[in-house]
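# Commentary on secondary and tertiary structure
Okay, here's what each chain looks like letter by letter:
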Amino acid sequence: MVLYKANIKPLASFASPLQSDTFFGAFCWSYRYLYGEDELVGLLKKSMNEIPQIIFSNAFPAGYLPLPMGIYDQDRERYGNVEKSEAKKAYEKNKKYKKYSLIRKDQFMDIQKGMWRGYSEYLGSEQITEIEIPHNMISRMSGNVNESEEGGNLFVTSEFFVEDGKTFDLYILSELDKDCIRQVLTLMFELGIGADKSTGKGCFGLLEFVVEKELCFLEGANAYMAISNFIPASNDPVNGWYKTFVKNGKLDREYAAGQFPFKKPLMYIQSGAVFKTEDIKSYYGTFMEDIAVINGVVVNACTIAIPMIIPEK
């Protein structure tokens, strides 16, 4: 399998977080439009029965990766056994680091090799502004706004914005031909990613698509970091640092307009999780089947794995 990096630029706001399963779903629809349903079914069967044909990471601001969970900057200021004023200053400085979830890629590559010193000054945030948009509730039967004397006919959705010129890095691990991937990516970004595509949300431009050579191999690795949200397979490593969240996904395209547009709730491990293992692979996780009322719907719950060295001390 080959690891690629795509640099993408938002052409509009987007209504869904830029997460790995969302990219995979959009890829499958575009793959179907280009090559037909039989080809898509074959790709999914091969992915579930043999080896995943394509795995996406979450999207990160260009030049950044997730800050690995469980690590600690050994150069960070201490606030024990020092003067009260110095302890307070160190505490406040360390506290501000907790809001950051990303780190510059060049600094991550030092952490990747087990050098856990001096990285706190290179942390970053998502650089995404989330705004809540109120909507009227529309009746599926009449197509009109629901009217209720008790109220409760409003709901809120989120819309995400970034500053002009900001781009994102998206990592892709795949068995497919590079030109095939590029062609499908171009179409899927033109059609839009996530919710509200019909109103122009979620469109991106593909600026760059290259082989990623820096993150793949690491001699002496004894752990990996996930850069996708994922659900572990039954034999995946369990000793590590991670956070979980529950996602209530929704079906896409014509399936979303049906009577049962929602997927079953799934619990994911969050991108940035770190697990110790001597059996380093390029991916972990599994495909989830029977996750909707409609037959044949699957979720790619695999993660791209970036090898790491966890120091002995």
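Our subject in this report is the structure included herewith. (Residues numbered from 1 in each chain as written. Predicted model: local features only at pLDDT ≥ 70, side-chain atom pairs only at ≥ 80, totals over all residues. Heavy atoms only, no water.)

### A look at the pattern of salt bridges
Following the criterion strictly, the structure yields 7 salt bridges and no others. Of the charged contacts, one joins Arg104 and Asp106 as a salt bridge, the two residues approaching to 2.9 Å between their closest N and O atoms. What you see here is one network of salt bridges that share partners, running through Lys105, Glu212 and Glu214. (Salt bridge = Lys/Arg side-chain N within 4 Å of Asp/Glu carboxyl O.)

### Observations regarding unusual backbone geometry
Residues other than glycine seldom take positive phi values, yet Asp196 does so here, at roughly 60 degrees. Among the secondary structure elements, Asp196 is positioned in the loop between helix H5 (178–191) and strand E9 (204–211). For Asp196, a relative accessible area of 40% gives the class partly exposed. Although it is not a glycine, Asp290 sits at a positive phi angle of roughly 55 degrees. Tracing the sequence through the fold places Asp290 in the loop between strand E15 (283–289) and strand E16 (298–308). Asp290 gets classed as exposed once you look at its relative accessible area, which sits at 60%. (Helix = DSSP H or I, 4+ residues; strand = E, 2+ residues; numbered from the N terminus. Buried < 20%, exposed > 50% of the residue type's maximum accessible area, 1.4 Å probe, protein only.)

### Here we look at the packing of helix H1 (residues 20–35) against H5
In contact at an axis separation of 9 Å, H1 and H5 are set at 110 degrees when each is read in the N-to-C sense. When the interaxial angle is binned, H1 and H5 end up roughly perpendicular. Facing H1, whose interface residues are Phe23, Ala26, Phe27, Ser30, Tyr31, Tyr33, Leu34 and Tyr35, H5 presents Cys180, Ile181, Gln183, Val184, Leu185, Leu187, Met188, Phe189 and Leu191. For the contact of H1 with H5, the residue count by class is 15 nonpolar, 2 polar and no charged. (Axes fitted to C-alpha atoms, helices over the stretch in contact; angles between N-to-C directions. Parallel < 35°, antiparallel > 145°, perpendicular 65-115°, else oblique. Contact = heavy atoms within 4.5 Å. Nonpolar A, V, L, I, M, F, W, Y, C, P; charged D, E, K, R; others polar.)

### A look at the sheet that holds strand E14 (residues 274–276)
Strand order in the open sheet formed by 5 strands is E11-E14-E10-E16-E15, with antiparallel pairing between adjacent strands. Lying at the two open borders of the sheet, with one neighbouring strand each, are strand E11 (240–241) and E15. Alignment of strand E10 (residues 223–226) against E16, held across 4 bridges, turns out to be antiparallel. What sits directly across from Tyr224, in E16, is Pro307. (Pairing = 2+ DSSP bridges.)

### Notes on the packing of aromatic side chains
One pass over the structure, following the stated rule, counts 16 aromatic pairs. Ring geometry for Phe14 against Phe160: centres 5.7 Å apart, planes inclined by 20 degrees, an arrangement best described as stacked. Residue Phe14 is located in the loop between strand E1 (2–10) and H1, and its partner Phe160 is located in strand E7 (residues 154–161); the two are separated by 146 residues in the primary sequence. Looking at Phe14, the relative accessible area reads 2%, which means it is buried. An aromatic cluster of at least three residues, connected via ring pairs, comprises Phe14, Phe160, Phe168, Phe189 and Phe204. The side chain of Lys281 reaches across the aromatic face of Tyr283, ending 5.9 Å from its centre. (Phe/Tyr/Trp six-rings, centres within 6.5 Å; stacked < 30°, edge-to-face > 60°. Lys NZ or Arg CZ within 6 Å of the ring centre and 35° of its normal.)

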